[in-house]
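# Close look at the chain arrangement
Residues per chain are reported as follows:
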There are 2 protein chains.
Amino acid sequence: MTTLSATLRRALLGRPVASTDAAAPRMPRWRALPVTSANALSSLAYAPDEIILTLVASGTAALALGPLVGWAVVAVMVLIVASFRAAVVAVPHGGIYRMARTKLGPRAGVLASAALLLDFVFTAAVSLAAFAHYAAALVPSLAEHRMAVACTALGLVLLLALRGSNRGRGRRILPLVVAAFVLLLAGMVGAGLWQDAGGTLGQAVTAGHTVDGSGAGPVGAVATALLALRAFSAGSVLLTGVEVPVSAARTVAHPAVPTVRWLLTMMAAAVAALTVGVMHLAHRTGTVVALDPASLRGPDGAPLPEGAEAPPVIAQLAAAVFGPGSPLAVLTIAATALLLLFAAKSAFRSFPALTSRLADDGYLPRQMRVRGDRLVHTWGVVALGAAAAILLLVFRAQTALLVQLYVIGVLLAFTLAQTGMLRLWRRRLAHTPGTRARAAVRLRLGITAVALGVTALAGVVVLVTRFTQGAWVALLTIVVGALVMGRIHRHYAAVGRELTPDAHDDARALPSRVHVVVVVSTLNRPALRAIAYARATRPSSLEAVVVDADRAVTERVIDDWDRARMPLPLTVVASPYRDTVVPLVRHLRERRRLSPRDLTMVFIPEYVVRPGWRTLLHNRTATRQKNRLQREAGVMVGSVPWQIREGEEPRPRSAANLRE
Amino acid sequence: MTTLSATLRRALLGRPVASTDAAAPRMPRWRALPVTSANALSSLAYAPDEIILTLVASGTAALALGPLVGWAVVAVMVLIVASFRAAVVAVPHGGIYRMARTKLGPRAGVLASAALLLDFVFTAAVSLAAFAHYAAALVPSLAEHRMAVACTALGLVLLLALRGSNRGRGRRILPLVVAAFVLLLAGMVGAGLWQDAGGTLGQAVTAGHTVDGSGAGPVGAVATALLALRAFSAGSVLLTGVEVPVSAARTVAHPAVPTVRWLLTMMAAAVAALTVGVMHLAHRTGTVVALDPASLRGPDGAPLPEGAEAPPVIAQLAAAVFGPGSPLAVLTIAATALLLLFAAKSAFRSFPALTSRLADDGYLPRQMRVRGDRLVHTWGVVALGAAAAILLLVFRAQTALLVQLYVIGVLLAFTLAQTGMLRLWRRRLAHTPGTRARAAVRLRLGITAVALGVTALAGVVVLVTRFTQGAWVALLTIVVGALVMGRIHRHYAAVGRELTPDAHDDARALPSRVHVVVVVSTLNRPALRAIAYARATRPSSLEAVVVDADRAVTERVIDDWDRARMPLPLTVVASPYRDTVVPLVRHLRERRRLSPRDLTMVFIPEYVVRPGWRTLLHNRTATRQKNRLQREAGVMVGSVPWQIREGEEPRPRSAANLRE
């Protein structure tokens, strides 16, 4: 069964993987840590940039708020991770969707999963846009081809996702990339703090730059607080990805729950330490980034040269600490760029996993559940790729624009999950005897309550400060997505009820007799074969029907019929208005009215032509008749195919088209 | 069988017309004349403009060539019409396609018909663009909405064409419009000549205008001759439509051939007289039109006001002769505009008639032959409408741009037709005894030879002077169209040979036994019904098959099967790579290998859901299986439909979906 497309497919995607090879070995802790924390760590590549560009829009003086905002975001993240550490004890196999669903019901689950799905789309798009930004920091000539770089990277990640095997090289490279990223960043922060203490810390390339239209800084406490809140909502993009370890219980080594809790702790510690360090260093080196590169002015007040832009924060810091263009600086930027690619790829694992679970539960079309021949949920991967490509095109691969829509989905999903968990812990507390056990549950309830409060507050802050900048689009998308999923579920449920057989179902009823009707338009070989097949089924009654849409054609059929001495009657169905479908339906209903318990089988000869464009030249009438007859009760359509071999070697007719 | 769309259809298009009402009464001479000459007469609305705008581009002095060029075009037209008058004697029922085909063979016929089809498309597009121009001359505010006016008119004409009855009001209005046009134009020319003789002829509004970038006139004899040739090629658009009476033999009163010859003579006389008169008057009144209105300068050298443009020649002449805004001038312009609409509509009669004849001969897809319920060749009408709309959009409804591609098709078709007729007359001459009869044939041969020479020369002139301005596109379209039609014909011919049964055709062979295989994916009611139907056909052997693409699903089917005590064996087909199609095909081939002379019928349960978007949620696997099995020899697919009634009133199950 080899065709050109199949060969190409094999070359790109690899050989099929058998279902029996599905189970991957469980990962030990040190292997699971990089895999599950890559997504959260990759936020470090753009979260500091978002905070700084929000602050600098109010003037350079506002940059002093940076470290403070960094601490605030880290504090929220630590609280959320703490609540997740508690949650995995109660809901070990599930993740956010299950947490929200367990105690809040399917609606909340669907809403949370719609939010998460959007979150995954943005993870892919933002990571790829940031990748293009870092690539431009390494190779400046790529700066003007940002879209092309991001889209090429998307193509690469999509291909890897479609190959999808768990045994690929990605599994070996990812831990190296994560380790390099963490070590290089830790080294950078350590060296930077040391230099700062010794007074030898260099300035960032953008130190002293200003942004057009900004003042000297916020005036008064209220303005300062508002600015800090806006910066916080930008920086809360750091929270994305911290939920990944929660759904890893099935893939890590036993005992799963302690491993997951350990993963959460280690991930949070790494992200927190690096974020605080980066924000502090950025402040000390005077790093500036701007939403619009054209609005950036050098210390002399002159705009940047055409096409130039400020490198991302980590790239600027690496240059300031390790020296511009030094091997360590280049390595740091490269490791960050690679990590962003892996973060994008992780979305291609999480998204199809969730859509497949939602399809299992009947909230998405069933084909989302199907695994392709590489064990990949092909539909989910392709849907995510298409959505990410659209986002990249619409937002022209601008990280800062994408981020404005990104955070709201994560915060909504976290809020729903924590609300669900809060209910669960309250119920548990009511049913837990013994002081010591109650104290443990009460602690978890407390952590979850605080985390829920903080998450909800952060959500409100983001919604208020970002509503007009796109958060409303994200929210609307989530709500509409949830409604569509609910509609699909209702449809499947209703169909499922209708299709479930009962004990004495009339669907089992054996029709008493079988009438076979062969639809003939010309008495050619396909028609002869259809008649032979119809006769072979030995029906109770057998007739051929010709719809008289064109007098001349009909008369030729009748002549041929008589001349060939066909062994069955030919009925001519009048069609005064030349329609080939309705008169046939009327004729069949007439028959059926006489004996409603019988089965009518309609045999239609069809031509199978290849290549596909030739189909345009055939079968138009047959297709219309088939589609219409599908809606008739008690009628079954059999298509008798005739494989047209035009242009092929003539072969003995009986050995027809057996090869493929 | 009433649905919303059917009601709308009736309201717009009218009630179905029975085939028995097809034959329209034959037209008497005076009714046939306006019907068949409307197309040729309508060329008068833009041919003078084309000549003048070509001349004026070389300077105002060149306008003196106008009447001469008019005479030249008229001479060519008269020759062509004379050759047609001869041709109808020999090929009374046919038109251009038949003339070219008769003696030059199918290839020439196809080439001529491709050229004619393109010609009809341009007739529609050019007439509508010119209509928009005349509408703007009546109501100046329409000038900036030219595209909208042309497209609205196209929609109207398309609707009328789809209503298509021969008994509509158009039949009564058209003769009035043609008579009004001819009388008003004749009156205008007569009055103009009278005024000119008396020295009271007014000047055109554009008299004294110049065109940017033009010189004082052609310098030297060669330049003048070249300019005259270019103007001639532009003016030869007057030749379009003179072939219409040739194919009218079936629709005019007996005796047909003399009537057609009379129609040709009268049409040619009217067109010739009016053209010569208009060209003369245009010269005397100093009428100027320009390809690009922005390049026109008033007598004072100032450009026209923004958005203003020169009215078409007939509108300018009517204003000069009858007085601007006088009732007669308004009537003349209105009659011209209406005539253009009827010319566009006539293309919607000629084009589908030709495509239907080509489909009859197997050069176009068979559905082109089908008449809709209003006796219209719906496919042809819709194809022409789409092509004309594309032309209007691409050329932004600019008559002058469209005309550059228009003429080449007509001239090519005429050349081919006349070459065919030349051969015919030569053969006739060889087989004609008797001096008198020979003299008649020799006269016809002579006329045809001269006309052929002139037409071919005109074609060469147009091709050379217009090649880069678009004639190559038209020529390429014609050649590609002819090649595609040839390819379609070869395909139908090959298929036809393959499908024609011989005396002891193995397509008649009765399969010895019938194996029925029911494909089951879940044991639900549709599956139960499929099994019941399969059992009702009392096959030689019966089995159910489940493709094991998902272990859990398969096990549920097996459990349900055992619990329901199904009266037939269930075969589990292994699918290690989760494919639902290939393992099924393999299984069927295995069976078939054991008994190749048997028939395998595959029953597939299918869900019929409405509205259509819900289909996306079902049947994906069934559809893929069906499509693939169509390519297997000895296998026949029966789809057992289950009409899902979700959301409808519950009804007794047996009385299912009988209404429509």
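In this text the structure is predicted, and so the values were computed from the model without any measurement. (Residues numbered from 1 in each chain as written. Chains lettered and ligands numbered in written order. Predicted model: local features only at pLDDT ≥ 70, side-chain atom pairs only at ≥ 80, totals over all residues.)

## Describing helix α16 (residues 471-499) of chain A
Residue and element names in this part refer to chain A. Taking 1.5 Å of rise per residue, the 29 residues of α16 would be expected to cover 42 Å, and the 42 Å separating its terminal C-alpha atoms lies within 8% of that figure. Listed as buried for α16 are Ala471, Ala474, Ile478, Ala482, Met485, Ile488, Tyr492 and Val495. Each element contacted by the buried residues of α16 is listed here: α6 (106-138), α12 (327-360), α14 (399-431) and α15 (435-466). (Helix = DSSP H or I, 4+ residues; strand = E, 2+ residues; numbered from the N terminus. Expected span 1.5 Å × (residues − 1). Buried ≥ 20, exposed ≤ 12 C-beta atoms within 10 Å, placed from the backbone. Contact = placed C-beta atoms within 7 Å.)

## Examining the confidence of the model for chain A
Residue and element names in this part refer to chain A. For chain A, per-residue confidence averages 87 on the pLDDT scale, and residues scoring 70 or more make up 94% of the total. Looking at the elements of chain A, mean pLDDT is at its lowest for helix α1 (residues 4-13), recorded as 76, and at its highest for helix α10 (residues 256-285), recorded as 95. Taken together, the stretch residues 649-660 has pLDDT below 50 and engages in 10 contacts with residues farther than four places along the chain or on a different chain. The ipTM assigned to the predicted complex is 0.81, against a pTM of 0.78. (pLDDT = per-residue confidence, 0-100.)

## A short note on the relation of the copies chain B and chain A
Superposing chain B onto chain A requires a rotation of 180 degrees together with a translation of 0.0 Å along the rotation axis, leaving an RMSD of 0.2 Å. Taken together, the turn and the small shift mark the pair as related by a two-fold rotation axis. Identified as the residue of chain B closest to the rotation axis by C-alpha distance is Gly638(B), at 2.0 Å. A shared binding surface is used by both copies, with 100% of the interface residues of chain B retained as interface residues in chain A. (Least-squares fit on C-alpha atoms with pLDDT ≥ 70 in both.)

## A closer look at the domain arrangement of chain A
On domain assignment, one finds that chain A holds domain 1 (43-491) and domain 2 (508-655). Look at where the C-alpha atoms of domain 1 of chain A and domain 2 of chain A centre, and you get two points 61 Å apart. (Domains from an automatic or database assignment.)

## Focus on the interface of chain B and chain A
Of the residues lining the interface, 64 residues belong to chain B; the matching set on chain A comes to 66 residues. The element that contributes the greatest number of residues to the side of chain B that touches chain A is helix α17 (residues 525-536) of chain B, accounting for eight residues. Its residues assigned to classes, the side of chain B that touches chain A shows 34 nonpolar, 12 polar and 18 charged. Pairing analysis gives three bridges linking strand β7 (residues 635-643) of chain A to strand β7 (residues 635-643) of chain B, with the strands arranged antiparallel. (Nonpolar A, V, L, I, M, F, W, Y, C, P; charged D, E, K, R; others polar. Pairing = 2+ DSSP bridges.)

## What about α12(A)?
With 34 residues, α12(A) should cover 50 Å at 1.5 Å per step; its first-to-last C-alpha distance of 50 Å lies within 8% of that length. By the criterion of burial, α12(A) is predominantly enclosed, with 26 of the 34 residues buried.

## Considering the packing of α6(A) against α12(A)
Residue and element names in this part refer to chain A. As a packed pair, α6 and α12 sit with axes 8 Å apart at the nearest point and diverge in direction by 160 degrees. Between α6 and α12, the angle is such that the two are roughly antiparallel. Here α6 runs over α12; the crossing is left-handed. (Axes fitted to C-alpha atoms, helices over the stretch in contact; angles between N-to-C directions. Parallel < 35°, antiparallel > 145°, perpendicular 65-115°, else oblique. Left-handed = near helix turned anticlockwise from the far one by under 90°.)

## As for the nonpolar core
As a rule of thumb, soluble globular proteins bury nonpolar side chains together. All names here are of chain B. Core analysis: the largest hydrophobic core is formed by 188 residues, its most contacted members being Met77, Ala112, Ala125, Leu128, Phe131 and Leu339. When residues of this core are assigned to their parent elements, the largest contribution, 24 residues, is made by helix α6 (residues 106-138). With near-sequence residues (within four places) excluded, methionine 77 lies in contact with Leu238, Leu239, Val242, Ala268, Val271 and Ala272. (Core = buried A, V, L, I, M, F, W, Y, C linked by C-beta atoms within 7 Å.)

## Points about unusual backbone geometry
Cis peptide bonds are those with omega within 30 degrees of zero, and the linkage from His254(A) to Pro255(A) qualifies with -5 degrees. Residue placement: Pro255(A) occurs in the loop between α9 (221-235) and α10. Its identity is not glycine, yet Ala397(B) carries a phi of approximately 55 degrees, on the positive side. Residue Ala397(B) is classed as buried on the basis of its 27 C-beta neighbours within 10 Å. A positive phi angle is found at Arg538(B), which is not glycine, with a value near 45 degrees. Looking at where Arg538(B) falls in the secondary structure, it is placed in the loop between α17 and β4 (541-548).

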